[in-house]
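This is what each chain is made of:
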Amino acid sequence: METPTTGGATGVTWPSQLNGVGTPPESVPRPTADRPVREKWGRSIEFLLSCVALSVGFGNVWRFPYTAMKNGGGAFLIPYLIVLFLVGRPLYYLEMVMGQFSARGCVKVFDVAPLMRGVGIAQTLSLTVILGYYAAVLAIAARYFFASFGSPLPWGRCAAQWEGCVDSEFQGRVSNASLRPSAEFYFNHSVLHNRWTLDEGLGLPDWKLALCLLFCWLCISGILLRGIRSAGKASYFLAIFPYVILLVLLVRTSTLAGAGDGILYLMQPQWAKLVDVEVWYAAVTQCFFSLTISLGAVIVFASYNNFNNNIYRDAMIISVLDTFTSVISGIVVFGIVGNIAHVTGSRVESMQLAGPQLTFITYPDAIAKFDVAQNVFAVMFFFMFFLLGLGSNTGIVTTIVTAIRDRFPRLAHWKVVVGLSVFGFACGLVYITPGGLLVLDITDKYGVTLTTLTLAMLEIVTFCWIYGVGRITVDIRFMLGRSTGWFWRACWGCVTMAIIFAIWLFSFIHYKPFDVPTGYTVFGWCLFSFIVLQVVAWGAHELLGRSEKGLCSKLVAASKPTADWGPEDATARNQYQAEVAKTQPECEGRSVVREVLDRIFRKSVAIPKD
């Protein structure tokens with residue numbers, strides 16, 4: 001889809017050709033008064049592994065299985081893979097390009113069109129919402145990790161007060177289909193003390209979970225206090241070790257009685273469901289969570305790269321690995337659900353497990369059935385799950401820290417990290433209350449899912465329509481020496497936008513509120529409105545600060561890149577701006593419609609020969 005190109009066709013010498021060895025002068029940026037040199041990854045592999053740790057995490061091991069379960073298993077898998085190909089990969093590559101090319105964070109990257117700077121601010125706020133409950137899920141994983149040292153495993157056998165319970169370590173079959181495994185009782189009654197409604201309020205946080213939440217934030221802040229280089233070093237372990245445990249669990253799950261029925265439920269297509277828009281809606285939202293796109297995190301990570309790092313290769317590796325992890329996690333979870341259904345005499349499709357429950361019930365249930373070394377595997381698994389969550393959370397905090405320090409560069413790094421850790425800990429306490437999982441569903445739907453879909457469309461409008469696909473292809477060629485294939489141009493120009501818009505429209509047409517007190521629904525809509533209205537507020541702020549006369553003149557000027565837009569290195573930026581300036585006479589006298597269409601569909605900006 002994308003092939004190397006040379007500058008001979010246009011008469012331009014691209015940076016990737018300089019010195020003949022792919023090591024151009026701008027790989028070591030020169031500081032300017034307005035652009036201090038950005039900290040870089042120690043090695044390119046650290047960027048790749050950090051992206052793996054960010055994207056391959058809770059979205060795969062925790063969220064993917066329960067989303068697939070909720071939407072019919074195999075009915076969900078096909079739309080999910082299609083959406084990954086047409087939405088996930090194009091957006092992931094686009095965000096990497098914009099971040100690495102500009103060496104700017106998720107807010108500053110919108111210097112590409114200052115009118116839309118509020119999109120980056122809104123994405124940061126949405127990521128802040130995720131920050132609260134991701135750390136809470138991480139605390140639950142830590143709670144299980146510490147409990148794994150107990151012998152026998154505390155969730156392996158039923159307690160006397162758990163009526164209708166069957167031991168999770170039991171490998172036979174019972175005749176009563178209403179019985180539930182002890183791992184489910186342990187999660188609901190011993191860990192979270194779950195409430196099934198919010199009519200009586202949230203309740204108080206469990207003190208053991210509160211200590212685990214504090215421990216998690218100490219780990220996150222400890223990794224990030226020294227900056228991006230320390231996070232890069234941690235990525236070696238955070239990204240690689242979890243796969244060892246996941247593959248071990250895959251082998252063990254495959255041998256459980258009834259596991260085949262569960263796996264078949266995940267893999268068997270249900271063609272009639274392909275016309276169900278709700279399944280496609282779930283696939284798109286899961287794609288955003290799985291790859292962590294349209295939240296600014298990918299842009300931030302790429303912004304710490306050297307200018308000529310091969311992000312095309314990295315984007316392909318990460319997107320494929322992300323899909324692989326989701327499918328493997330789904331096989332493990334559905335295999336375990338099949339085993340639970342076999343033991344209790346139920347049908348796989350009748351199992352009512354959702355949200356964090358699915359993960360924190362099915363995985364422990366499978367481990368309890370290990371014939372030997374139950375504690376060893378339990379410790380290793382929840383250590384793996386903790387590492388996955390730690391990778392996701394450090395990526396989220398890094399993104400928010402970068403957004404703040406890009407705006408306030410004189411603010412000490414450690415102060416921002418500590419401040420966010422305190423804030424995240426306070427928010428996380430809400431989600432470890434007895435009613436916390438219901439609040440998690442509300443904030444996830446209104447503060448993350450709906451907002452992310454909205455902001456994704458605005459991000460595409462900014463990068464691909466206002467800035468232009470043609471200009472992006474020039475940036476890629478200047479940075480990497482690659483031409484951009486038709487697939488990427490078509491997706492960036494219209495296909496990805498059309499899919500997201502259709503799903504976004506569906507989410508409002510078929511809106512169904514949660515069965516919770518009205519106040520919580522009002523809170524959800526207020527959260528959505530507050531985040532999305534940042535785009536309007538900061539757009540108005542930008543227009544009011546412009547010196548041009550007339551609204552149209554202000555809009556045009558605010559939609560153009562800032563004067564310092566381009567590569568971080570001053571010499572490369574001057575060369576880039578000089579080359580792009582040669583194309584400006586071509587654009588004079590054209591209608592607005594023609595200009596927009598050219599920006600979307602033109603193969604590349606033609607740069608004339610000298």
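## Some remarks on the overall build of the protein chain
Here is step 1 of the chain: A count of helical and extended segments in the protein chain gives 21 helices and 2 strands.
Here is step 2 of the chain: Scored against the burial criterion, the 610 residues of the protein chain give a buried share of 60%.
Here is step 3 of the chain: For the protein chain, the exposed area adds up to about 23400 Å²; of that, 65% sits on carbon and sulfur atoms.

## Looking at the state of the cysteines
Here is step 1 of the chain: Inspection of every chain in the model, using the stated rule, returns 1 disulfide.
Here is step 2 of the chain: In this model Cys158 forms its disulfide with Cys165; the gap between the sulfur atoms is 2.0 Å. On the S-S bond that ties Cys158 to Cys165, the torsion sits near -85°, and the link is left-handed.
Here is step 3 of the chain: The exposure class assigned to Cys165 is buried, which follows from its relative accessible area of 16%.
Here is step 4 of the chain: Here Cys491 is not disulfide-linked; the sulfur of Cys494 is the nearest cysteine sulfur, at 8.1 Å.

## Topic: the packing of helix 15 (residues 436–480) against helix 16 (residues 486–509)
Here is step 1 of the chain: Taken N-terminus to C-terminus, the directions of helix 15 and helix 16 make an angle of 170°; their axes are 10 Å apart at the nearest point. Relative to helix 16, the element helix 15 is oriented roughly antiparallel.

## Focus: the side chain of Ser126
Here is step 1 of the chain: Relative to the assigned elements, Ser126 resides in helix 4 (residues 117–147).
Here is step 2 of the chain: In this structure Ser126 touches Leu295, Gly447, Val448, Thr451, Thr452 and Ile531, once residues within four positions along its chain are discounted.

## Brief notes about the environment of Val248
Here is step 1 of the chain: With respect to the helices and strands, Val248 occurs in helix 7 (residues 228–254).
Here is step 2 of the chain: The partly exposed category is assigned to Val248, whose relative accessible area is 33%.
Here is step 3 of the chain: Put simply, Val248 and Phe377 are 129 residues apart on the chain and 9.0 Å apart in space, counted from C-alpha to C-alpha.

## Brief notes about the environment of Gln123
Here is step 1 of the chain: You can see Gln123 is positioned in helix 4.
Here is step 2 of the chain: Judged by relative accessible area, Gln123 falls into the buried class, the value being 0%.
Here is step 3 of the chain: Each C-alpha atom, one on Gln123 and one on Leu455, is 7.0 Å from the other, the two residues being 332 residues apart in sequence.
Here is step 4 of the chain: Look past the residues within four positions of Gln123 in its chain and what remains in contact with it is Cys106, Phe110, Ser294, Leu295, Gly296, Leu455 and Glu459.
Here is step 5 of the chain: In terms of polar contacts, Gln123 uses its side chain to reach the backbone carbonyl oxygen of Ser294, at 3.3 Å.

## Concerning the packing of aromatic side chains
Here is step 1 of the chain: Evaluated as defined, the whole model comprises 44 aromatic pairs.
Here is step 2 of the chain: Relative to Phe487, the ring of Phe85 lies with its centre 4.9 Å away and its plane at 40°, an arrangement referred to as tilted. Linking Phe85 in helix 3 (residues 74–102) with Phe487 in helix 16, this pair joins segments that are 402 residues apart in sequence.
Here is step 3 of the chain: Among the residues examined, Phe487 registers a relative accessible area of 6% and is labelled buried.
Here is step 4 of the chain: With a centroid separation of 5.4 Å and an interplanar angle of 80°, the aromatic rings of Phe360 and Phe385 are classed as edge-to-face. Pair noted here: Phe360 is in helix 12 (residues 356–368) and Phe385 is in helix 13 (residues 374–407), with a separation of 25 residues, a long-range link. Across this residue pair, the class does not change: Phe360 and Phe385 are buried.
Here is step 5 of the chain: For Arg407, the ring lying beneath its charged end belongs to Phe408, and the centroid distance is 4.9 Å.
Here is step 6 of the chain: For Lys445, the ring lying beneath its charged end belongs to Phe514, and the centroid distance is 5.1 Å.

## Here's the deal with helix 16
Here is step 1 of the chain: For helix 16, spanning 24 residues, the distance from its first C-alpha to its last is 33 Å, which sits close to the expected 34 Å at 1.5 Å a residue.
Here is step 2 of the chain: Of all the bends in helix 16, the greatest measures close to 55° and is centred on Trp492.
Here is step 3 of the chain: All buried positions along helix 16 are accounted for by Phe487, Trp488, Arg489, Cys491, Trp492, Gly493, Thr496, Met497, Ile500, Ile503, Phe506 and Ser507.

## Here we look at the environment of Ala159
Here is step 1 of the chain: Topologically, Ala159 is positioned in the loop between helix 4 and strand 1 (165–166).
Here is step 2 of the chain: Sequence separation of Ala159 and Phe185 is 26 residues, and the distance between their C-alpha atoms is 8.8 Å.

## Side note on the confidence of the model for the protein chain
Here is step 1 of the chain: This prediction gives the protein chain a mean pLDDT of 80; 82% of its residues lie at or above 70.
Here is step 2 of the chain: Mean pLDDT in the protein chain bottoms out at helix 20 (residues 584–587), which sits at 49, and peaks at helix 17 (residues 518–544), which reaches 94.
Here is step 3 of the chain: Note on residues 585–592: pLDDT under 50 across the span, and 6 contacts to partners over four residues away in sequence or across chains.
Here is step 4 of the chain: Per-residue pLDDT stays below 50 along residues 603–610; that stretch engages in 29 contacts with residues further than four places along the chain or on separate chains.

## Topic: the nonpolar core
Among soluble globular proteins, nonpolar side chains are generally buried collectively.
Here is step 1 of the chain: With 182 residues, the main nonpolar core has Tyr93, Met96, Trp155, Phe463 and Ile472 as its most contacted residues.
Here is step 2 of the chain: A per-element tally of this core places helix 15 first, with 23 residues.

## Thoughts on a nonpolar patch on the surface
Here is step 1 of the chain: A contiguous nonpolar patch, built from Trp207, Leu211, Leu214 and Leu218 and spanning about 450 Å² of accessible area, is present on the exposed surface.
Here is step 2 of the chain: By secondary structure assignment, the location of Leu218 is in helix 6 (residues 207–224).

## Remarks on helix 3
Here is step 1 of the chain: Helix length check: helix 3, at 29 residues, gives a terminal C-alpha distance of 41 Å against a target of 42 Å (1.5 Å per residue), a fit within 8%.
Here is step 2 of the chain: At Leu84, helix 3 shows its largest kink, close to 45°.
Here is step 3 of the chain: The buried fraction of helix 3 is high, at 23 of 29 residues.
Here is step 4 of the chain: Looking one or two residues beyond helix 3, the residue adopting positive phi is Ala103, at roughly 50°.

## Description of the pattern of salt bridges
Here is step 1 of the chain: Taken as a whole and judged by the stated rule, the model has 10 salt bridges.
Here is step 2 of the chain: When the shortest N-O distance is used, the salt bridge between Asp314 and Arg313 registers 3.1 Å.
Here is step 3 of the chain: Here Arg313 falls in the partly exposed class, since its relative accessible area comes to 39%.
Here is step 4 of the chain: Among the ionic pairs, Arg546 bridges to Glu542, the shortest N-O distance being 2.9 Å.
Here is step 5 of the chain: Relative accessible area serves as the criterion here: at 14%, Glu542 is assigned to the buried category.
Here is step 6 of the chain: Each member of the salt-bridge network shares a partner with another, and the members are Arg104, Lys108, Asp111, Arg117, Glu542, Arg546, Glu548 and Asp564.

## Remarks on unusual backbone geometry
Here is step 1 of the chain: Residue Ser151 is joined to Pro152 through a cis peptide bond whose omega torsion reads 0°.
Here is step 2 of the chain: Despite not being glycine, Ala103 shows a phi value in the positive range, around 50°.
Here is step 3 of the chain: Since its relative accessible area comes to 7%, Ala103 is described here as buried.
Here is step 4 of the chain: Residue Thr292 is not a glycine yet carries a positive backbone phi of 60°.

What counts and what doesn't
- Residues numbered from 1 in each chain as written.
- Predicted model: local features only at pLDDT ≥ 70, side-chain atom pairs only at ≥ 80, totals over all residues.
- Heavy atoms only, no water.
- Helix = DSSP H or I, 4+ residues; strand = E, 2+ residues; numbered from the N terminus.
- Buried < 20%, exposed > 50% of the residue type's maximum accessible area, 1.4 Å probe, protein only.
- Areas by Shrake-Rupley, 256 points an atom, 1.4 Å probe, with all protein chains shown as cover.
- Disulfide = S-S within 2.5 Å.
- Axes fitted to C-alpha atoms, helices over the stretch in contact; angles between N-to-C directions.
- Parallel < 35°, antiparallel > 145°, perpendicular 65-115°, else oblique.
- Contact = heavy atoms within 4.5 Å.
- Polar contact = N/O pair within 3.5 Å; in protein donor to acceptor, adjacent residues only side chain to side chain.
- Phe/Tyr/Trp six-rings, centres within 6.5 Å; stacked < 30°, edge-to-face > 60°.
- Lys NZ or Arg CZ within 6 Å of the ring centre and 35° of its normal.
- Expected span 1.5 Å × (residues − 1).
- Bend = angle between axes of the 7 residues up to and from the residue.
- pLDDT = per-residue confidence, 0-100.
- Core = buried A, V, L, I, M, F, W, Y, C linked by side-chain atoms within 4.5 Å.
- Patch = residues over 30% accessible without salt bridge, like charges linked within 9 Å, V, L, I, M, F, W, Y side chains within 5 Å.
- Salt bridge = Lys/Arg side-chain N within 4 Å of Asp/Glu carboxyl O.

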